[in-house]
Amino acid sequence: MRSSARANATPAAPASAIAAARARTRAARGVATATASETAKATAAEAAARLKRLALYLALALMSALAHGATPAQLAREVGVEQHPGRQLPLGTTLRDPSGDTIPLGTFFGARPVVLTFVYYQCPNLCNLTLTNLVRSLGHIDLTAGRDYDVIAISIDPRENSQLAAAKQAAYVQQYKAGRAECANCAKGWHFLTAEASHSAALARAAGIRYFYDPAQDQYAHPAAALVITPHGRVARYFNGIEFPPPELRWALIEAKGERTAGLADQFWLLCYHYEALVGRYTGLVQIAVRLLAIATVLGLGFLIFRLARVP
């Protein structure tokens, strides 16, 4: 019996094989650690870049507020974004296209969702940054202007003419094309418009955008924001500030294409969210939530780095 047991026993692995297996395990662990470290570094770099952009935005917003010379109470009362998901825009409102023709806003609706922003083309502060970041974000999604959506910029300054709008449109279309491999017909999806004061004001009011003209500074105090509108002209989503995360922007356009607007959960957050004039900061419950999330993110990254540093 003992002889049979010895015969059936599995021979012990050589020491060299065990050492090789351990080496492979350490190598695999090293690759996993390096990958996790690279991921953490990329996440930290992206967070740092966003913080830099936010700091730049806040600095420009502060400069804008100082330049306007308006009191904080006036800015809070007359400048801001009131979010109205599902609201129908007045598509019969007439505007001027870059060629100078007067056309109703509804000309650009019916087939595709629209990204809408209210700016003025000679704005010395946030408008250029808003449009540049919007173009950059649109360039990072797999949807194409003119095929999947349109972009409409409406000037809130009635003194601006169609020639200026055409020049601005051409510049931003060129910027958009530079980031895309295939963009033969995408220029037809961009529309920089001008309007009479009453018409642009009526559209902005319907969209929930509040602004005012400061004659002492000859400037407009207005918020930085973009809206996603459904093909039938209903407000689907708001993007406040100058950051337009490509995944969120893409999803908003897909939802808007199906005439879907903000749901109950989204509207709850909108009730808790208030966009303060020019500086775009969170208030109320969302402010607390954002602070807690920021603290949790920092602690999580610190814990991850600590764990990675301890891995042999």
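The text that follows walks through the structure, step by step, so that each part is easy to find. All values derive from a computational prediction rather than experimental measurement. (Residues numbered from 1 in each chain as written. Predicted model: local features only at pLDDT ≥ 70, side-chain atom pairs only at ≥ 80, totals over all residues. Heavy atoms only, no water.)

**Some points on the pairing of strand 10 (residues 225–229)**
Along a regular strand, successive side chains alternate from one face of the sheet to the other.
And step 1. Counting buried positions over the five residues of strand 10 gives five, a clear majority of the element.
And step 2. Of the two faces of strand 10, the one carrying Ala 225, Leu 227 and Ile 229 and the one carrying Ala 226 and Val 228 are both buried.
And step 3. Where strand 4 (residues 114–119) meets strand 10, three bridges bridge the pair, whose relative direction is antiparallel. Along strand 10, the bridge assignment pairs Val 115 with Val 228.
And step 4. Sheet topology note: the strand 10/strand 11 (residues 235–240) ladder contains five bridges and is antiparallel. By the bridge assignment, Ala 226 is partnered in strand 11 with Phe 239. (Buried < 20%, exposed > 50% of the residue type's maximum accessible area, 1.4 Å probe, protein only. Helix = DSSP H or I, 4+ residues; strand = E, 2+ residues; numbered from the N terminus. Pairing = 2+ DSSP bridges.)

**Let's talk about the nonpolar core**
And step 1. Ranked by internal contacts, the top residues of the largest apolar core, which has 60 residues, are Phe 118, Leu 138, Tyr 149, Ile 152, Tyr 176, Trp 190 and Ile 209.
And step 2. If we ignore the near neighbours within four places in the chain, the residues touching Ile 209 are Gly 80, Val 81, Phe 118, Ala 204, Pro 223, Ala 225 and Leu 227. (Core = buried A, V, L, I, M, F, W, Y, C linked by side-chain atoms within 4.5 Å. Contact = heavy atoms within 4.5 Å.)

**A look at the packing of helix 4 (residues 127–138) against helix 7 (residues 246–257)**
Relative orientation and spacing of two packed helices are given, respectively, by the angle between their axes and the distance between those axes.
And step 1. It is the contact of helix 4 with helix 7, at a shortest axis distance of 9 Å, that shows an interaxial angle of 75°. Considering the angle they form, helix 4 stands roughly perpendicular to helix 7. Across the interface between the two elements, Leu 134, Ser 137 and Leu 138 of helix 4 pack against Pro 246, Leu 249 and Leu 253 of helix 7.
And step 2. Across the contact of helix 4 with helix 7, the residue classes break down as five nonpolar, one polar and no charged. (Axes fitted to C-alpha atoms, helices over the stretch in contact; angles between N-to-C directions. Parallel < 35°, antiparallel > 145°, perpendicular 65-115°, else oblique. Nonpolar A, V, L, I, M, F, W, Y, C, P; charged D, E, K, R; others polar.)

**Let's talk about helix 7**
And step 1. Between the first and last C-alpha of helix 7 there are 16 Å, a value that for twelve residues agrees with the 16 Å anticipated at 1.5 Å per step.
And step 2. Taken together, the buried positions of helix 7 are occupied by Leu 249, Ala 252, Leu 253 and Ala 256. Buried residues of helix 7, seen end-on, are gathered within an arc of 100° and therefore sit on one face of the element. Exposed and oriented more than 90 degrees from the buried face of helix 7 are Pro 247 and Trp 251.
And step 3. In this structure, the buried residues of helix 7 make contact with strand 4, helix 4, strand 10 and strand 11.
And step 4. Directly beyond the C-terminal end of helix 7, a positive phi value near 60° is found at Glu 259. (Expected span 1.5 Å × (residues − 1). Arc of directions from axis to C-beta.)

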